[in-house]
Amino acid sequence: MRLVESGREAPSLSAARRIGALALRHYYLFRGSWTRVVELFYWPLMQILLWGFISQFFQQHSSLIAQAGGLLMAGVLLWDVMFRGQLGVSVSLLEELWSRNLGQMFVSPLRPVELAAALMVVSLARTFVGLLPAALAAWLFYAFAITDMGPGLIAFFFLLLAFSWAIGLAVCALLLRNGLGAENLAWVTVFGIAPISAVYYPVTTLPDWLQPVALALPSAHVFEGMRAVMLEGRFDWGHFAWAAGLDVVAFGAALALFLWAYETARRDGRLLSGGE
Amino acid sequence: MQTDSPPVEATGLAKRFGKVVAVESVDFRVGPGEVVGLLGGNGAGKTTTMSMLMGVLIPTAGTARVFGVDANRRDPATLARINFSSPYVEMPGRLTVAENLEVYARLFGVRRPAERIRALARDLDLEPLLGRMTRTLSAGQKSRAALAKSLINAPDLLLLDEPTASLDPDTADWIRRYLEDYQAATGAAILLASHNMPEVERLCDEVLIMRAGRIVDRGSPAALIARHGRRTMEEVFLDIARGTGADARLEAQP
């Protein structure tokens, strides 16, 4: 037997290196699993095809709703930023729970805030990979270019992504607290926000009592802002400011919840037990 | 191996889960280069004790110091010097062995991951397995891959929870021999939880025997065997587990 003498030099204690390690872990996972890759873009693609045909029907039958074609498809694409972004965070943590790897990862210099950062990096990559084919399909089949929204699109994208990460981290907190028993929440939570996010209709369509609730969500401001760009050709700074401010509050609260859940998992011995 | 505070120093370490006492006020030390065995039946508190040393479990009372630093602080520089292996904690099955080792090398801040993985693969006969999905490995192959992961950062303190459980005698012996050589070459300290008494006799300088969360006896394997008037650690373990040891026999006399 030959003894290992390498690896005795002082380790790198860079947080970026550890975040990169976890991102690499998920890249390897996707590289070796075509079904996971297909799942990334299958649903957004199906959604855009379905809503594209519905939009075409509207355009052919009503001049009043003619403008709705773009609105519906922009809504579908931006809503999927929310959905994919949240799934990207919570399903990436689920991958660690499914493979019973979470405890072992924390027997390393990894910090919980670095795990959260890595989940967001992975989420960003998953969202891009998931939405690019759908955006391309919208352009090829329906001549709808999401980029026509201009610079506002970048703002909408990141505002929605930040909110989706907040929801994703809150779901991760539930997973750390309750284990795989909370798995279903990872898939359904974001849908609970859809009706009051005013994705396909203005906030004023909602009952009066529900409108303040909707306006307390960054997503409702983003979709109002999206309609301002598409229907009136102006960037609504008011909605932008509200969305950004609410994002900061939601993200801060979700991160605090995530860190608290991590500490309770450490206290109750759930990190090494596999999360069941 | 850096010369500094002892690798492990547990003082009054305790853990309760609600009303269940998992570990009750244990004190022990693992010195530089020592191999210490942690024995006890299922539920005796071995894994709980190790978890507190690794900082993945918060103690209810007492402190666990690793290289002089409170394990509960989860200091990255200290965590980079320890590692862990257990058959009950797995690596992601859908990654290849090489991919898993690379991810862990980067998590531990290993400077030249590829070189380190090549060296470990050569030493642990893992070269033919590097490209295989981890979930397709046999139990013995998984154990060798897990050992490679636990040595990826050339740890100064190695925590092993039943490293040879469910392995055939040949593979188990191979792993014990490798651990002996690694310890001799690097001077690393090892804390070994095991149910395999010949393994404990062979590897350990000192043994801590736990029952119901307490350390009920301790000493070198030879000293324990002599004190209990037995021939093997297996007999000592059974005496303590069943309460039929020399002490118990003396107590039972009128």
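## Quick word on the overall build of chain A
Reasoning step 1: Along chain A, the regular secondary structure elements total 10 helices and 0 strands.
Reasoning step 2: Secondary structure elements in chain A, listed N-terminal to C-terminal, are α-α-α-α-α-α-α-α-α-α.
Reasoning step 3: Based on the C-alpha atoms only, the size of chain A along its principal axes is roughly 80 × 40 × 35 Å.
Reasoning step 4: Burial status across chain A gives 46% buried among its 276 residues.

## A look at the overall build of chain B
Reasoning step 1: Helix and strand content of chain B: 10 helices and 10 strands.
Reasoning step 2: Along the longest, intermediate and shortest principal axes, the C-alpha atoms of chain B span 65 × 40 × 35 Å.
Reasoning step 3: The buried share of chain B, reckoned over its 254 residues, is 52%.

## Focus on the sheet that holds strand 1 (residues 8-17) of chain B
Residue and element names in this part refer to chain B.
Reasoning step 1: The antiparallel open sheet is built from 4 strands, whose spatial order is 2-1-4-5. Looking at which strands have only one partner, the edges of the open sheet turn out to be strand 2 (20-30) and strand 5 (69-70).
Reasoning step 2: Bridge count between strand 4 (residues 61-66) and strand 5: 2 bridges; the pairing is antiparallel. By the bridge assignment for strand 5, Arg65 is matched with Asp70.
Reasoning step 3: Here helix 1 (residues 46-53) sits on the sheet in contact with strand 1, strand 2 and strand 4, set at roughly 120° to strand 1.

## As for the nonpolar core
Reasoning step 1: Counting residues in each nonpolar core, the largest one holds 160 residues, and the members touching the most others are A:Leu77, A:Leu160, A:Leu169, A:Cys172 and B:Leu159.
Reasoning step 2: Here this core spans two domains, since at least three of its residues come from each of domain 1 (1-81 + 159-254) and domain 2 (89-154) of chain B.
Reasoning step 3: Discounting chain neighbours no more than four positions away, the residues touching A:Cys172 are A:Val89, A:Ser90, A:Leu93, A:Leu119 and A:Phe258.

## Some points on the domain arrangement of chain B
All names here are of chain B.
Reasoning step 1: Domain boundaries assigned for chain B yield domain 1 (1-81 + 159-254) and domain 2 (89-154).
Reasoning step 2: Across the boundary between the two partners, domain 1 contributes 10 residues, which contact 10 residues of domain 2.
Reasoning step 3: Split by residue class, the side of domain 1 that touches domain 2 holds 6 nonpolar, 3 polar and 1 charged.

## A word on the confidence of the model for chain A
Reasoning step 1: Chain-level statistics for chain A give a pLDDT mean of 88 and a share of 91% at 70 or above.
Reasoning step 2: For chain A, the element scoring lowest by mean pLDDT is helix 2 (residues 34-61) of chain A, at 76; helix 10 (residues 237-268) of chain A scores highest, at 97.

## Some remarks on the interface of chain A and chain B
Reasoning step 1: Contact residues are listed per partner, giving 39 residues for chain A and 40 residues for chain B.
Reasoning step 2: At the level of elements, helix 1 (15-31), helix 4 (102-106) and helix 10 of chain A are the ones that each hand at least two residues to the side of chain A that touches chain B.
Reasoning step 3: The element best represented in the side of chain A that touches chain B is helix 1 of chain A, accounting for 8 residues.

## Thoughts on the pairing of strand 3 (residues 35-39) of chain B
Residues and elements named next belong to chain B.
Reasoning step 1: Across the 5 residues that make up strand 3, a large majority, 5, are buried.
Reasoning step 2: Of the two faces of strand 3, the one holding Val35, Gly37 and Leu39 and the one holding Val36 and Leu38 are both buried throughout.
Reasoning step 3: Note: strand 3 against strand 8 (residues 189-193), 4 bridges, orientation parallel. Looking across to strand 8, one finds that Leu38 is bridged to Ala193.
Reasoning step 4: As paired elements, strand 3 and strand 9 (residues 206-211) share 4 bridges and run parallel to each other. When the bridges of strand 9 are listed, Leu39 appears paired with Ile209.

## A short note on the sheet that holds strand 9 of chain B
Backbone hydrogen bonds hold the strands of a sheet together, and the pairing may be parallel or antiparallel.
All names here are of chain B.
Reasoning step 1: In space, the 6 strands of this open sheet follow the order 6-7-8-3-9-10, with mixed pairing throughout. The two strands at the open ends of the sheet, each matched to only one other strand, are strand 6 (82-85) and strand 10 (214-219). Going from strand to strand, the sheet's axes swing by 15° on average, the running direction of each strand aside.
Reasoning step 2: Sheet topology places strand 9 next to strand 10; 5 bridges connect them, and they run antiparallel. Within the sheet, the bridge partner assigned to Leu208 lies in strand 10 and is Arg218.
Reasoning step 3: The strands touched by helix 5 (residues 139-150) are strand 6 and strand 7 (157-161); relative to strand 6, the strand with the most contacts, the crossing angle is about 170°.

## Here's the deal with the environment of B:Ile209
All names here are of chain B.
Reasoning step 1: Mapped onto the fold, Ile209 is located in strand 9.
Reasoning step 2: Overall, the presence of 24 C-beta atoms within 10 Å leaves Ile209 in the buried class.
Reasoning step 3: When the C-alpha positions of Ile209 and Lys46 are compared, they lie 9.3 Å apart, and in sequence the two are 163 residues distant.
Reasoning step 4: Not counting the four nearest positions on each side in its chain, Ile209 is found in contact with Leu39, Gly40, Ile215, Val216, Asp217, Arg218 and Ile240.

## What about the environment of B:Phe67?
Residue and element names in this part refer to chain B.
Reasoning step 1: Looking at the secondary structure, you find Phe67 in the loop between strand 4 and strand 5.
Reasoning step 2: Along the backbone, Phe67 and Val8 are 59 residues apart, and their C-alpha atoms lie at a distance of 6.3 Å.
Reasoning step 3: Beyond its immediate chain neighbours, meaning those up to four positions away, Phe67 contacts Asp4, Ser5, Pro7, Thr78 and Arg81.

## Description of unusual backbone geometry
Reasoning step 1: Positive phi outside glycine occurs at A:Arg100, with the angle close to 50°.
Reasoning step 2: Tracing the sequence through the fold places A:Arg100 in the loop between helix 3 (68-98) and helix 4.
Reasoning step 3: For A:Arg100, a count of 19 C-beta atoms within 10 Å gives the class partly exposed.
Reasoning step 4: Even without a glycine there, the phi angle at B:Ser25 is positive, about 45°.
Reasoning step 5: Tracing the backbone shows B:Ser25 in strand 2.

## Describing helix 1 of chain B
Residues and elements named next belong to chain B.
Reasoning step 1: Counting buried residues in helix 1 gives 8 out of 8 residues, a clear majority hidden from the surface.
Reasoning step 2: Where helix 1 is concerned, the buried positions are Lys46, Thr47, Thr48, Thr49, Met50, Ser51, Met52 and Leu53.
Reasoning step 3: Downstream of helix 1 by one or two residues, Gly55 has phi in the positive range, about 80°.

## Let's talk about the confidence of the model for chain B
Residues and elements named next belong to chain B.
Reasoning step 1: Looking at chain B as a whole, the pLDDT averages 91, with 95% of positions reaching at least 70.
Reasoning step 2: Residue range residues 250-254 is modelled with pLDDT below 50. Its contacts to residues more than four positions away, or to other chains, number 0 contacts.
Reasoning step 3: Across the interfaces of the predicted complex, the ipTM metric reaches 0.89, alongside a pTM of 0.88.

## Thoughts on the packing of helix 6 (residues 151-178) of chain A against helix 7 (residues 183-193) of chain A
All names here are of chain A.
Reasoning step 1: Where helix 6 contacts helix 7, the two axes come as close as 10 Å, and the packing angle between them is 145°. Judged by the sense of rotation from one axis to the other, the crossing of helix 6 with helix 7 is right-handed. The segment helix 6 lies against helix 7, with Ile167, Val171 and Leu174 engaging Leu185, Ala186, Thr189 and Val190.
Reasoning step 2: Of the residues in the contact of helix 6 with helix 7, the class split is 6 nonpolar, 1 polar and no charged.

Conventions we followed
- Residues numbered from 1 in each chain as written.
- Chains lettered and ligands numbered in written order.
- Predicted model: local features only at pLDDT ≥ 70, side-chain atom pairs only at ≥ 80, totals over all residues.
- Helix = DSSP H or I, 4+ residues; strand = E, 2+ residues; numbered from the N terminus.
- Buried ≥ 20, exposed ≤ 12 C-beta atoms within 10 Å, placed from the backbone.
- Pairing = 2+ DSSP bridges.
- Contact = placed C-beta atoms within 7 Å.
- Axes fitted to C-alpha atoms, helices over the stretch in contact; angles between N-to-C directions.
- Core = buried A, V, L, I, M, F, W, Y, C linked by C-beta atoms within 7 Å.
- Domains from an automatic or database assignment.
- Nonpolar A, V, L, I, M, F, W, Y, C, P; charged D, E, K, R; others polar.
- pLDDT = per-residue confidence, 0-100.
- Left-handed = near helix turned anticlockwise from the far one by under 90°.

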